[in-house]
Amino acid sequence: MIPEEFVIQIDDELLQDGVALHARPMGVLARWMRDNGISGDILDERYYSPLRQAYDRLYPEGDFGLPPMLEGGVGFRDQVFLVRANVGFGTFAIDPKDSIEISQSALLQVWQNSPRQFWRSYYVVADIWDFAYGASDLRGNAETDALLANAHGHITAVARALRAAGNAAAVVQSACLVAELSMKGVLAQAGVPEPDRRRLGHHLPELAEAVIARMPNSDDDRLRSTVQAFPNFINSRYEHHGMSRIGLIDLMHRSQFVAADSVRRLTERNLAGQLNDDTSFPARETW
């Protein structure tokens, strides 16, 4: 039995180091086994079960589940639902609708009343998965890592804000940053120097042209038309964006597409392309 005082002490250390809650029980157990010269299976129920009970007492409302690779959003009419790209290992199948946090009865209503939006959601989900795993594949370049990690955070911020009917001005700024940071991230990965990327500023059409020039693909025209539909990033800081809720949801979808399209140009992650090539699915629309 691991003393509860030890659990609290090591948990405090891990907390200060920024270790997420779901990972801290394993960190405590690994430290206790090391300090006591114990070898063997770290998931041995003799040790792990009492430890989890101690953690349940310490964090009675804590979420110890493995977080997703990325949390984004999809809109049906004027409602936003969270989309989770979960951690997977090896080769596994993805059913896009299973990634949406929506009841089966509500999803059936979407299918019956708005089949176009139903199929559109598959591509939205694919974009979220493609960015989550594509950004992970590109890890290793410090500049790329930082830019894509920031884009990752803004994707989740936009989805959660719209899900909670949050501040619309913050949604516009974050969505613009998703597009800018993801394109600058792949440009960094492609070897474009930081001063050249800085000169492109917040001008999404110019960034898109720079991405296309270095990493062309079959979605070049879709990327061009998508970024043209974004509001001006600088102006939106000081002026009311004038966008309806439907417009904000479409902006969320556009930003997730730009992020996914950017990393697809440098990785083999392309669930959206597989859907588009499948004749049993409608072709992808441009936002």
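Engineer: Describe the pairing of strand β2 (residues 79–85), listing the residues and the values that go with them.
Structural biologist: In terms of burial, β2 is largely enclosed, as five of its seven residues are buried. Relative to β2, strand β1 (residues 70–76) is paired through seven bridges, and the arrangement is antiparallel. Looking at β2, one finds that Glu71 is bridged to Arg84. The antiparallel hairpin formed by β1 and β2 contains two residues in its connecting segment, where Arg77 sits at a positive phi of about 55°.

Engineer: A description of the side chain of Asp220 should follow, citing residues and the corresponding values.
Structural biologist: Relative to the helices and strands, Asp220 is located in helix α10 (residues 220–228). A polar side-chain atom of Asp220 sits 2.8 Å from a polar atom in the side chain of Arg265. In this structure, Asp220 is in contact with Ile212 and Arg265, ignoring residues within four places of it in sequence.

Engineer: Which residues make up the packing of aromatic side chains, and what values go with them?
Structural biologist: Tallied over the full model, the rule gives twelve aromatic pairs. Aromatic ring contacts, followed pair by pair, group Trp111, Phe118, Trp119, Tyr122 and Phe281 into a single cluster. Note that Arg52 overlies the ring of Phe64, its terminal NZ or CZ placed 4.2 Å from the centroid.

Engineer: Run through the environment of Glu194, naming residues and quoting values.
Structural biologist: Here Glu194 shows up in helix α8 (residues 194–199). The exposure class of Glu194 is partly exposed, given its relative accessible area of 31%. C-alpha of Glu194 to C-alpha of Pro96: the two residues are 98 residues apart in sequence and 36 Å apart in space. Polar side-chain contacts of Glu194 include one of 2.3 Å to the side chain of Arg198.

Engineer: Lay out unusual backbone geometry in plain terms, naming residues and giving numbers.
Structural biologist: We note that Arg77 has phi near 55°; this positive angle belongs to a residue other than glycine. Relative to the elements of secondary structure, Arg77 occurs in the loop between β1 and β2. What makes Arg77 exposed here is its relative accessible area of 60%.

Engineer: Which residues make up the side chain of Ser99, and what values go with them?
Structural biologist: Inspection of the secondary structure puts Ser99 in the loop between β2 and α4 (104–113). Residue Ser99 is classed as buried on the basis of its relative accessible area of 8%. Other than its neighbours up to four places away in sequence, Ser99 contacts Leu82, Val83, Arg84, Val125 and Trp129.

Engineer: Can you tell me about α10, naming the residues and giving the values?
Structural biologist: The set of residues buried in α10 consists of Asp220, Arg222, Leu223, Thr226 and Val227. The arc enclosing the buried residues of α10, seen along the axis, measures out at 160°, which places them on a common side. Exposed residues pointing more than 90 degrees away from the buried face of α10 are listed as Asp221 and Gln228. Residues of α10 that are buried in the fold lie against α7 (168–189), α9 (204–214) and α12 (245–264).

Cut-offs applied
Residues numbered from 1 in each chain as written. Predicted model: local features only at pLDDT ≥ 70, side-chain atom pairs only at ≥ 80, totals over all residues. Heavy atoms only, no water. Buried < 20%, exposed > 50% of the residue type's maximum accessible area, 1.4 Å probe, protein only. Helix = DSSP H or I, 4+ residues; strand = E, 2+ residues; numbered from the N terminus. Pairing = 2+ DSSP bridges. Polar contact = N/O pair within 3.5 Å; in protein donor to acceptor, adjacent residues only side chain to side chain. Contact = heavy atoms within 4.5 Å. Phe/Tyr/Trp six-rings, centres within 6.5 Å; stacked < 30°, edge-to-face > 60°. Lys NZ or Arg CZ within 6 Å of the ring centre and 35° of its normal. Arc of directions from axis to C-beta.

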